[in-house]
Amino acid sequence: MKSALLCGVGGQGTVLASRIIAQAAMNSGRQARTAETIGMAQRGGAVVSHVRIGETPEERVTSPLIPDGQADVLIGFEPGEAARNLKALKPDGIVIVNRRAIVPVTASLGKSGYDGETVLKWLEANAAHCFVVDGDRAAQACGSEKVLNVVLTGALAETGAMGLSFEGIKQAMIRRVKPAFVEMNKKALALGAKMVRR
Amino acid sequence: MKELLMGNEAVACGALAAGVQVVAGYPGTPSTEALETVAKRKPDGVYVEWSINEKAGAEVAAGAAYAGARSMVTMKQMGLNVASDPIMCVNYVGVKGGMVIYVADDPGPISSQTEQDTRSWGQFAKIPVLDCTSPEQAFEQVQAAFELSEAKSMPVILRSTTRVCHACSVIDVPEFVPPEPVEGFVKDKKWVIFPGLSYQNKKKIFARESELAKTFSENGMNTIAGTGKIGIACGGIAAAYTADAIQGHEDQFTVFTVNTPYPFPIQAARQFVDQVDTVLAFEELDPYIEDHLAAMGVDVIGKRSGAVPEAGELSAVVVAGIIEKQTGLSLDLHPTNLPESPALPVRPPVLCAGCPHRGAFYAVKKAMRGRKIIALGDIGCYTLGNAMPLDMVDTCLCMGAGVTMAQGLNHVDPSTVNFAFIGDSTFFASGITGAINGVYNQADIVLVILDNSTTAMTGHQPHPGTGVTMMGERVEPVSIESVLRGAGVTSVRTVDPLDLDEAVPAIQAAADEKGVRAIIFKSPCIAIVPKQGIAEVDQDACIGCKHCINELGCPAITMMETENGLKAVIDPALCTGCGLCNQICPKHCMEVKG
């Protein structure tokens, strides 16, 4: 079983990203399950999407939710949310985290600051493999800040952490986005992959 | 064709595969997508509607079932309270076509007021309840529910929970064909509920209970897996957590999965109990399975014994921890130990940037500064008006309650001005009766309708005021103002909540009147209209006073330290150009452009 946990702030598009990954697994004949935060938490709240897929067509996926310490990869759309969910990651798991911190109203109102850079350093210190990426800049280069989710999915595809090919994820993306946005999202996947290529 | 389907989509597809002809419901997380999926994927001949509330929906579905059609009504667990009256009664009358009541429970709770359990409700109402452990099972269970309902001429409840409703699985979805024509309503005394009939039918319902318990014990719907001596009884998503928790150690366990909680499959439960030495029960919400096993004389390690948390969601790690503690076994899942992280901000859901409700709450707050008010909230996005800095929700109970609770408060303490805030969809669902109650009983309240032209919280469903139906028709919108005037509310003002110069005096004028007076704050939800523009901070003019953040709490505004001092910054991706910040800025340096 391979598991990816995607986390961020409501509105960042974690649901589409998790569906693309699951769709890619399904297209290759494997079992796939996802579990997503939908509803109240969408309004700028913390959101988490779980994706669990079989490694072979035969492998059964027990539950849609990833137990702590069982995620192969953690995609943090926002540093604080990545840190909040790091407990889900396997000891040798991969973190891909978007650099830009989103300061919630609670922090803006309070005296205590929220320092994204400190959080990123903590992630780097506590994850076996941590890629800090500037996903927003890549998304803007594609023409819309909204493709951040596909940029980060491209990064995940490049790591091979889910045992899915880049091409397989691309085909799943094409199935999942509106035809008018396919070209922009192809670019987003490619830019995302480039960000973690070593 | 194989598809990745969410649990709610699976319920819809299963119902369409079963030939459902009429589907009604009221939106509510985590149930909403079931009805939406029916609307999206229905073949010809299927009728679907968002009813004005769950009671109306249940009655529409019952009517269709009386005519012989297969019907379904969808709701969240809170909605079942609203629909209790017709559903309780229809069980005594019976149905002709299969009638399925789809109820989504919300352990946590994540987006609900209560942790009530529809399995227990079904037992109370004596209506069979089928449960689901996964989306693919939901797809099967809804079809089984229709078969059972029709075979026994009784309504059947299909129950799921958030982690099944909002989980996706790979499901093979058939082509949907139009439902078979039905006979129609045939007049008969049996359709009229009278005490004598209820007495007779109560006897049948009672006899049915043990008969169904036996059927459910024998027909394979409830499973006993494994031969280990440690017994686990579970149901719903807890079955999936159990599978994760015991992975690699299955030979130690026997797992009894209860998929038909009511009537409880006693014979199957007896068989399970007889083959194990220890019984643990894992289930969310009520200790339902646990109590049924205890009633059979079994010692159960569960919520009542203090081993399993009595509230909130379970998880595989929690389940594994309990098993280890109670049995001494060593399993593979454990909590992760990490060094303490730097301070992370709490991130609760907030009113969106540009949300017209922010303007409405702020306008009332500003207009009433220095006066004693009570702000009664209700169910919808605007419950989020409770957060700082707006802090404008003093009470929140259930759909429509603010309107009538304001009256009760007024009868005890007439010295406060009581503002009852209610959204447009909630007003139609259950605010109208409260408004009339206030008019009739001479209550003194300010009724504030937050009309954003949609049912926003659950994902923008149409309602009677929008003039759009789930069948895709354009119809004459029901006017909230006309409803209020028709109900005898003589003071009705319609105001733009994002124009403080207009809104504040209107509120003050209404506050000084007597009786039920209404303010309709009309401005569409930002998610259904294009941006008005984007506010830009004139960095030279901004004095960094934080007044905008401290007053409005808009998520698009943050403060940034620059070489010229602290300055407000607008996130252009979030800002919709509502203009509220510029109206309150002492320097008016946040003008909307574009």
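None of these values were measured; they are calculated from a predicted model.

S.K.: Before we move on, can you summarise the overall build of chain A with the specific residues and values?
M.R.: When you go through chain A residue by residue, the secondary structure sums to eight helices and six strands. Along chain A, from the amino end to the carboxyl end, the secondary structure elements read β-α-β-β-β-α-β-α-α-β-α-α-α-α. The C-alpha radius of gyration computed for chain A amounts to 16 Å, which stays within 12% of the reference 16 Å derived for 198 residues, consistent with globular compactness. Taken over the C-alpha atoms alone, chain A extends approximately 55 × 40 × 35 Å along its principal axes. When the accessible area of chain A is evaluated, it comes to approximately 7,500 Å², of which 51% is carbon and sulfur surface. Here chain A holds 25 positive side-chain charges and 18 negative ones, and the gap between their average locations is 4 Å.

S.K.: Tell me about the interface of chain A and chain B, residues and numbers included.
M.R.: In this complex, chain A contributes 54 residues to the contact, which on the side of chain B involves 57 residues. Here chain A packs against chain B, burying approximately 4,400 Å² in sum over the two surfaces, 63% of which is carbon and sulfur. Counting across the interface, chain A meets chain B through five salt bridges. For A:Glu81, the salt bridge goes to B:Arg347, with nearest N and O atoms at 2.5 Å. The interface formed by chain A and chain B contains 16 residue pairs in polar contact (both at pLDDT 80 or more). Secondary structure elements with two or more residues in the side of chain A that touches chain B: helix H1 (14-27), strand E2 (32-36), strand E3 (46-53), helix H2 (79-84), helix H3 (105-109) and helix H4 (116-126) of chain A. With three bridges connecting them, E2(A) and strand E8 (residues 167-172) of chain B associate as antiparallel partners. Residue pairing in the sheet places A:Arg33 in a bridge with B:Ser169 of E8(B).

S.K.: Which residues make up H4(A), and what are the values?
M.R.: Residues and elements named next belong to chain A. Buried residues of H4: Gly116, Val119, Leu120, Trp122 and Leu123, and no others. Taken around the axis of H4, the buried residues stretch over an arc of 160 degrees, which confines them to a single face. Along H4, the residues that are exposed and aim more than 90 degrees away from the buried face are Lys121 and Ala125. Packed against the buried residues of H4 are H2, strand E5 (89-98) and strand E6 (129-133). Capping of H4 at its N-terminal end is provided by Asp115; its side-chain oxygen lies 3.3 Å from the backbone amide nitrogen of Glu117.

S.K.: Which residues make up the nonpolar core, and what values do they have?
M.R.: Residues and elements named next belong to chain B. Within the largest apolar cluster, 75 residues are counted, with the highest numbers of intra-cluster contacts made by Phe419, Leu447, Leu484, Phe521 and Met590. The element that contributes the greatest number of residues to this core is helix H18 (residues 500-511), accounting for seven residues. Shared between two domains, this core takes at least three residues from each, and those domains are domain 3 (356-522) and domain 4 (534-593).

Rules of the game
Residues numbered from 1 in each chain as written. Chains lettered and ligands numbered in written order. Predicted model: local features only at pLDDT ≥ 70, side-chain atom pairs only at ≥ 80, totals over all residues. Heavy atoms only, no water. Helix = DSSP H or I, 4+ residues; strand = E, 2+ residues; numbered from the N terminus. Rg over C-alpha atoms; globule rule 2.2 N^0.38 Å. Areas by Shrake-Rupley, 256 points an atom, 1.4 Å probe, with all protein chains shown as cover. Lys, Arg positive; Asp, Glu negative; His and termini not counted. Charge placed at Lys NZ, Arg CZ, Asp CG, Glu CD. Contact = heavy atoms within 4.5 Å. Buried area = accessible area lost by both parts, 1.4 Å probe. Salt bridge = Lys/Arg side-chain N within 4 Å of Asp/Glu carboxyl O. Polar contact = N/O pair within 3.5 Å; in protein donor to acceptor, adjacent residues only side chain to side chain. Pairing = 2+ DSSP bridges. Buried < 20%, exposed > 50% of the residue type's maximum accessible area, 1.4 Å probe, protein only. Arc of directions from axis to C-beta. Core = buried A, V, L, I, M, F, W, Y, C linked by side-chain atoms within 4.5 Å. Domains from an automatic or database assignment.

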